[in-house]
Amino acid sequence: MRNDFTDKAVIVTGGTKGIGLACGLAFARNGAHCYLTHRWGSADEDAVRAQFEQIGAREPPIIEADVSQDEDTIALLEEVNKDHEHVEVFNSNVCVVQPATGVDSYKRRSLLQSLDYSAWPFIAYLQHMKAQLGRLPRYAVGISSDGATNYFAHYEYVALSKTVMETLCRYAAYHLRDENINLNIVQSRNALTDAVDEIFGEEYVEFMRRFAGEQYFMLPHEIANAALALCSGMLDAMNGQVILIDKGMAFADTSSRLMEDREKVGI
């Protein structure tokens, strides 16, 4: 690790569970003062604090802040500014699930809500940090998925909003090329979090474990470590990039591999 995160501010939206919590813990292990946001009482705050205490990390402020509301973002940054002049790392992790069941179910309102929560905050937070704190964060990392290039049932809105975030990241990196900021996206396959059941149903994980194998899934800490690496100071040549984290499964997830494993999976 080239960069020293000791007592530096790191904001993780949606940081109280799943991938967001794993990202917060990864930075906290390296000394960061992590600010974790959640929405509408969705966090078990005592359980979250206990995980930080367990690794000997600084207790994180846990703040209820709706990423789609400018006033919540402003209030969050006012809280950060009490102890820090700027934000070192912004991690955009929030994903609001709007399941779809085919073309007849598509709704404009659902699409716009997904964009409001899962794409636009990547830019909105940067704008607010520049306006309120006078400078951009040193690093911005968005958490995305491979839903735009692989089919997942009921996943249209999430896939589209994540793709929009990826596009905004590329353009923003170009426009901000003379600023001291690196913007990148970590794109992952399905991670074993509560959101998987929420989006795809309770049978999905066991089905995929049987027919695709346990290796199909990513674990939250693996994605978090990739986000941390992008902010480590060792990968600063990477800017405006979308990095796929999938342990090689995009290459190996084929009918040929399934045929090789047919006895194991009971086909």
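Residues numbered from 1 in each chain as written. Predicted model: local features only at pLDDT ≥ 70, side-chain atom pairs only at ≥ 80, totals over all residues. Heavy atoms only, no water.

A covalent bond bridging the sulfur atoms of two cysteines is what the word disulfide describes. Counted according to the given criterion, the structure contains 0 disulfides. No disulfide involves cysteine 231; its sulfur sits 9.1 Å from that of cysteine 23, the nearest cysteine. Residue cysteine 231 is classed as buried on the basis of its relative accessible area, which comes to 0%. (Disulfide = S-S within 2.5 Å. Buried < 20%, exposed > 50% of the residue type's maximum accessible area, 1.4 Å probe, protein only.)

Right, let's talk about the packing of aromatic side chains for a bit. Given two aromatic rings, one states the distance between the centres and the angle between the planes to describe the pair. Under the definition given, this model contains 6 aromatic pairs. Ring centres of phenylalanine 90 and phenylalanine 122 lie 6.5 Å apart, and the angle between their planes is 35°; on these two criteria the pair is classed as tilted. One end of the pair, phenylalanine 90, is in strand β4 (residues 89–92); the other, phenylalanine 122, is in helix α5 (residues 121–133), with 32 residues separating them in the sequence. By relative accessible area, phenylalanine 90 is classed as buried at 0%. Of the residues examined, phenylalanine 122 reaches a relative accessible area of 0% and is grouped as buried. (Phe/Tyr/Trp six-rings, centres within 6.5 Å; stacked < 30°, edge-to-face > 60°. Helix = DSSP H or I, 4+ residues; strand = E, 2+ residues; numbered from the N terminus.)

Glancing now at the nonpolar core. It is characteristic of soluble globular proteins that their nonpolar side chains tend to be buried jointly. In terms of nonpolar packing, the biggest core is built from 33 residues, with Phe27, Cys34, Phe52 and Val186 touching the most fellow members. Elements that contribute at least two residues to this core include exactly β1 (9–12), α1 (18–29), β2 (33–38), α2 (45–54), β5 (139–145) and α9 (220–230). For this core, the element with the most residues is α1, which contributes 8 residues. (Core = buried A, V, L, I, M, F, W, Y, C linked by side-chain atoms within 4.5 Å.)

Phi is positive for aspartate 7, close to 60°, though the residue is something other than glycine. Note on aspartate 7: relative accessible area 44%, which makes it partly exposed. We note that lysine 247 has phi near 55°; this positive angle belongs to a residue other than glycine. Its location among the elements puts lysine 247 in the loop between β7 (241–245) and α10 (249–252). A residue is classified by how much of its surface remains accessible, and lysine 247, at 48% relative accessible area, is partly exposed.

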